[in-house]
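# A closer look at the structure
Residue strings, one per chain:
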Amino acid sequence: MTLFSDTRYLFVRALKKLVRNPILIFFSLFQPIIFLVLFTQLFRRFNELPGFPPGISYLQYAAAGILLQNAFSSALQAGTSIVDDINYGFLQKMLVTQVARPAILLGRLSSDAFRVTVQSVIILVLAYLLGFRVNTGLPGILLMLFIIAFFGLAWSGISLALGMRTRSAETVFGIGGFLTFPLLFMSTALVPVSFMPSWMQDVSKFNPISYAVNAVRDLSLAGFYSTNAVLESIGVIALIAVITMSATLYMFRKVVS
Amino acid sequence: MTEVINVKDLTLTYADGTKAVQGISFSVNEGEFFGFLGPNGAGKSTTIKILTTLLHKTSGTASVVGLDIERQAPLIRKLIGVQSQDTSVDPELTGRENMLLEGHLQQMHGKELEERVDSLLNVVGLKEAADKRAGRYSGGMKKRLDLASVLVHKPKIMFLDEPTTGLDPQTRATVWDYLEQLNKSEGITIFLTTQYLEEADRLCQRLCIVDQGKIVAQGTPAELKSEIGADAITITMKDGQGKSDDSLKAKGRQLLQSLPNIMNVVDSGNGLTIYAKDGGYFVPDLVRAFDKSDIKLVSINLSTPSLDDVFLKHTGKRIRVEELQKQTSSMFSRGRGSR
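Because the structure is a prediction, the values reported are computed rather than measured.

To continue, consider the overall build of chain A. Scanning chain A for helices and strands turns up 11 helices and 0 strands. When the helices and strands of chain A are read in sequence order from the N terminus, they spell out α-α-α-α-α-α-α-α-α-α-α. A compact globule built from 257 residues should have a C-alpha radius of gyration of about 18 Å, and chain A, at 19 Å, falls within 12% of that. Along the first, second and third principal axes, the C-alpha set of chain A runs to 60 × 35 × 35 Å. Burial analysis of chain A (257 residues in total) assigns 53% to the buried set. Across chain A, every contact between residues at least 6 apart in sequence was considered, and the portion connecting residues at least 24 apart equals 80%. Of the roughly 11600 Å² that chain A leaves accessible, carbon and sulfur atoms contribute 71%.

It is worth spelling out the environment of Arg-20 of chain A at this point. In this structure, Arg-20 of chain A sits in the loop between α1 (2-19) and α2 (22-42). The contacts of Arg-20 of chain A, once residues within four sequence positions are left out, are Glu-92, Leu-93, Thr-94, Glu-97 and Arg-133 of chain B.

Right, let's talk about the nonpolar core for a bit. Core analysis: the largest hydrophobic core is formed by 55 residues, its most contacted members being Met-164 of chain A together with Ile-5, Phe-26, Leu-51, Phe-159 and Phe-191 of chain B. Ignoring anything within four residues of it in the chain, the contact list for Phe-191 of chain B reads Ile-5, Phe-26, Val-28, Phe-34, Phe-36, Ile-48, Leu-51, Met-158, Phe-159 and Leu-160 of chain B. By size, the runner-up hydrophobic cluster in this structure holds 51 residues, among which are Phe-52, Leu-190, Ala-212 and Ala-241 of chain A.

Taken as a whole and judged by the stated rule, the model has 19 salt bridges over all chains. For Asp-202 of chain A, the salt bridge is made with Lys-205 of chain A, and the minimal N-O distance between the two is 3.7 Å. With a gap of 3 residues between them, Asp-202 of chain A and Lys-205 of chain A both fall in helix α9 (residues 198-206), about one helical turn apart. Residue classification places Asp-202 of chain A among the partly exposed positions, given a relative accessible area of 41%. Judged by relative accessible area, Lys-205 of chain A falls into the exposed class, the value being 51%. Connected via shared salt-bridge partners are Arg-13, Lys-17 and Asp-85 of chain A together with Asp-90 and Glu-92 of chain B.

All names here are of chain B. Across chain B, the average pLDDT comes to 86, with 93% of residues at 70 or higher. Per-element mean pLDDT across chain B ranges from 39 in helix α12 (residues 322-328) up to 95 in helix α3 (residues 95-105). Predicted confidence is poor over residues 322-339, with pLDDT under 50, and the contacts of this stretch with residues over four places away or in other chains come to 38 contacts. In the model output, the complex is listed with pTM 0.81 alongside ipTM 0.86.

Let's shift gears to the side chain of Thr-234 of chain B. Residue and element names in this part refer to chain B. The residue Thr-234 is located in strand β11 (residues 231-238) in this model. The class for Thr-234 is buried, based on a relative accessible area of 12%. For Thr-234, the side chain forms a polar contact with the side chain of Thr-273, separated by 3.1 Å.

Right, let's talk about a nonpolar patch on the surface for a bit. All names here are of chain A. Side chains of Ile-23, Leu-24, Phe-26, Phe-27, Phe-30, Ile-34, Val-37, Leu-38 and Leu-130 sit close together on the surface and give an oily, nonpolar patch of about 840 Å² of accessible area. Ranked by residues supplied to the nonpolar patch, first place goes to α2 with 8 residues. Relative to the helices and strands, Leu-38 resides in helix α2.

Residue and element names in this part refer to chain A. Using the criterion set out here, one finds 25 aromatic pairs over all chains in the structure. A ring pair is formed by Phe-26 and Phe-27, whose centres lie 6.1 Å apart and whose planes are at 55°; its orientation type is tilted. In this arrangement the basic side chain of Arg-8 is found over the ring face of Tyr-9, its NZ or CZ atom lying 5.2 Å from the centre. Over the aromatic face of Tyr-61 sits the side chain of Arg-217, whose NZ or CZ is 3.5 Å from the ring centroid.

All names here are of chain B. Interaxial distance between helix α9 (residues 246-256) and helix α10 (residues 279-292) falls to 10 Å at its minimum, and their mutual angle equals 120°. As the angle between them shows, α9 and α10 are arranged oblique. The interaxial crossing formed by α9 with α10 has right-handed handedness. Along the contact surface, α9 presents Gly-252, Leu-255 and Leu-256, while α10 presents Leu-286, Ala-289 and Phe-290. Counted by class, the contact of α9 with α10 contains 5 nonpolar, 1 polar and no charged residues.

A word on α10 of chain B. Residue and element names in this part refer to chain B. For α10, with 14 residues, the first-to-last C-alpha span of 20 Å sits near the 20 Å given by 1.5 Å per residue. What α10 keeps buried is the set Gly-279, Phe-282, Val-283, Leu-286, Ala-289 and Phe-290. Along the axis of α10, the buried residues cluster in a sector spanning 135°; they form a single face. In this structure, α10 carries Tyr-281, Asp-291 and Lys-292 as exposed residues pointing more than 90 degrees from its buried face. Of the surrounding elements, those touching the buried residues of α10 are β11, α9, β12 (262-267), β13 (272-276) and β14 (296-303).

Cut-offs used in this document
Residues numbered from 1 in each chain as written. Chains lettered and ligands numbered in written order. Predicted model: local features only at pLDDT ≥ 70, side-chain atom pairs only at ≥ 80, totals over all residues. Heavy atoms only, no water. Helix = DSSP H or I, 4+ residues; strand = E, 2+ residues; numbered from the N terminus. Rg over C-alpha atoms; globule rule 2.2 N^0.38 Å. Buried < 20%, exposed > 50% of the residue type's maximum accessible area, 1.4 Å probe, protein only. Contact = heavy atoms within 4.5 Å. Areas by Shrake-Rupley, 256 points an atom, 1.4 Å probe, with all protein chains shown as cover. Core = buried A, V, L, I, M, F, W, Y, C linked by side-chain atoms within 4.5 Å. Salt bridge = Lys/Arg side-chain N within 4 Å of Asp/Glu carboxyl O. pLDDT = per-residue confidence, 0-100. Polar contact = N/O pair within 3.5 Å; in protein donor to acceptor, adjacent residues only side chain to side chain. Patch = residues over 30% accessible without salt bridge, like charges linked within 9 Å, V, L, I, M, F, W, Y side chains within 5 Å. Phe/Tyr/Trp six-rings, centres within 6.5 Å; stacked < 30°, edge-to-face > 60°. Lys NZ or Arg CZ within 6 Å of the ring centre and 35° of its normal. Axes fitted to C-alpha atoms, helices over the stretch in contact; angles between N-to-C directions. Parallel < 35°, antiparallel > 145°, perpendicular 65-115°, else oblique. Left-handed = near helix turned anticlockwise from the far one by under 90°. Nonpolar A, V, L, I, M, F, W, Y, C, P; charged D, E, K, R; others polar. Expected span 1.5 Å × (residues − 1). Arc of directions from axis to C-beta.

Written out as structure tokens, the structure reads:
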């Protein structure tokens, strides 16, 4: 089973690099934390508006959106790491070893998913200190983290493909930054769908972020009985994952051969 | 002798139509230090990439350690070590971690790997710095780490793509010593590409001179240089008034016409370079001829032909490496037009 052990070695490598560059995690977390601490305070009276779910604070509502925003923007940076490996010749160096080739991608993806999970836990702890509560307890939190990590994994695929295609970290960063806010604002991450103009409501219906946000929000506000949103989100994320992973595999084959 | 690399009529044409390798054939024997010497764009890296299973050939055949490069690529990877042109170490891992990772990916584990890593770090002089991050190493240290890391799994053949390009002269000399030692004491076959004449001359037992995807000459450095069949004698002169200019060179040329065995005379900038058979015997004639004239010889420099002369003979141009032009300027540099 060299695939498994090779993946583990490359996963550990990626984690070491991350731990030794804590500034990267700090930059990723900076934005969600600003949203969590300032944005939710700035708009705290949103919950007085008609159409807002009754009886909950804006923080309680927006936390799910902020978690997914973090997963989305972190995932869209994933491709920069493979750009470095390509440009510094490290990928080539791995390719002339006996490494099980899929392990190069799997090690990358698993460490990205792990990173998103760790960042999400930090955000959850901070949100808890600010008053955010999860109704479904620990099992709910674990399911939330699973959805968030899966969501991150699906999107890091597109970033990896972009990285291998463009071989430019700037482009990967740029496209990631370019996509994050429009997709975030045109989703149910920060406001209920009824707050939006009708055209934006339409966009939101097709926005994958909305599905993931709805599932995570349901797990924090309601309970497991609303499994519809959870199953729906997993289905949508799986669909995205299939598409992005196909693109990644296609690009990887091109780079490798 | 066993052949460990055998290449026949190998070609590679990139998707954009660039013919990077155009039908090359050569073989390398076990334990040999073999080189590809040529300028940028000669197809050296492409050839290495094909032989190390990173690129697919367009046509021809090639085998490494008796294994077919297309069908038996995974087996080949077990037996070769490859150092690419860019030094590829992970800057965020320590030297030791870089080597352990490489070892793990080469399916080595446990105590065997740790001991191997320790001894290699020792050999390349990185024992002290082993637990520092590679990003903090100097260029030479990174190069040595890179070299050591591709040796972890005890490869039979090392492929080195321009291992000293971009290194300062001192570090280059250290790398040379280390490579020679590897080849001699561990018996590793080395295939090296370079654009440095003196590197090929010093290290390689046999070499191919390559240009534009083709092999233009192959043999031992001595064989190749003897093809030229002449030594180079570079002289500088002055006249009675201590002047040295073009008219003086013209006069000098006239004077030389009376001498035997001269194959060619070219302008070398501040003097003349004479190509003559048996240069050692020629110099006394030269001195005598000038002694009788009103031109004084300021300096005489006798040298045997270099690989650059060989390259020039076969391609009509010199290998362009900036830092080398100074050293070889006396050879054919200004003479191209006059030939």
